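In case you want the letters, here they are:
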Amino acid sequence: MSLPRVPRSRPRPKLRSIPRRKTESALYAEMQQLTVEKQRLHQELESIQERQGQIHARLQEIDQAMQNLKQDAEAFVDYSEAEPSSKPKPSSVKPQASRFPPMTFDY
């Protein structure tokens, strides 16, 4: 799913070396330019809101996946503690230092 690219910078207005005369047609032409820019900005705003909704949905999916993985990990720990026969006796085995540092997640 690809989204249209949004330009990063605002387009600069076209400058003229000689200002336009203040005629009725020049005023209508300027009104037309502003109307077109307004429509373009509304479309851009709608696409940004759509993208924001997609991002919120993905964040909810990630939160749900994290909760499921946390529950699976807790169930795995509970399951392994429930089977003492598969564990070696604590007195016969020296505790080994983990090669990996503990991880924490901040939300």
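Preceding this paragraph is the structure being described.
Conventions and cut-offs
- Throughout, a residue's number is its position along its own chain's written sequence, starting from 1.
- Residues qualify for local features only when their pLDDT is at least 70, as the model is predicted, and side-chain atom pairs are given and counted only at 80 or more; totals for whole chains, interfaces and linings, by contrast, use all residues.
- The side-chain values count all of the structure's non-hydrogen atoms but skip hydrogen atoms and water molecules.
- Secondary structure counts use DSSP, requiring at least four H or I residues in a row for a helix and at least two E residues in a row for a strand, with both numbered from the N terminus.
- Residue exposure (1.4 Å probe, protein chains only): buried if accessible area is under 20% of the type maximum, exposed if over 50%, otherwise partly exposed.
- Here the accessible surface of atoms and residues is derived via Shrake-Rupley with a 1.4 Å probe, and residues count as covered only by protein chains that are part of the display.
- Only heavy atoms enter the contact rule, under which two residues are in contact if any of them lie within 4.5 Å.
- The patches reported here contain residues having more than 30% relative accessible area and no salt bridge. Joining distances are 9 Å for like charges and 5 Å for nonpolar side chains (Val, Leu, Ile, Met, Phe, Trp, Tyr).
- Criterion for a salt bridge: a side-chain nitrogen of Lys or Arg within 4 Å of a carboxyl oxygen of Asp or Glu.

Colleague: Quick question: what am I supposed to make of the overall build of the protein here?
Modeller: If you tally the helices and strands in the protein, you get one helix and zero strands. The burial tally for the protein puts 1% of its 107 residues in the buried class. A total accessible area of about 11,500 Å² is found for the protein, and carbon and sulfur atoms account for 57% of it.

Colleague: Explanation requested: the environment of Met66 in the structure shown.
Modeller: Inspection of the secondary structure assignment puts Met66 in helix α1 (residues 24-82). If near-sequence neighbours (up to four positions away) are discounted, Met66 is found in contact with Phe105 and Tyr107.

Colleague: Would you mind showing me how to read a nonpolar patch on the surface here?
Modeller: Judged by side-chain polarity, Ile55, Leu59 and Ile62 come together as a nonpolar surface patch covering roughly 240 Å² of accessible area. Tracing the chain through its elements places Leu59 in helix α1.

Colleague: Would you mind showing me how to read the pattern of salt bridges here?
Modeller: A side chain of one charge can pair with a side chain of the opposite charge if their charged atoms are brought near each other. Under the counting rule described, the total for this entry stands at two salt bridges. The shortest N-O distance in the salt bridge between Glu44 and Arg40 comes to 3.3 Å. Taken together, the residues Glu44 and Arg40, both in helix α1 and four residues apart, mark about one turn of the helix. Of the residues examined, Glu44 reaches a relative accessible area of 23% and is grouped as partly exposed. The shortest N-O distance in the salt bridge between Arg58 and Glu61 comes to 3.1 Å. Of this pair, Arg58 and Glu61 both sit in helix α1, three residues apart, which is roughly one turn of the helix. On the basis of relative accessible area, Glu61 is assigned to the partly exposed category, the value being 47%.

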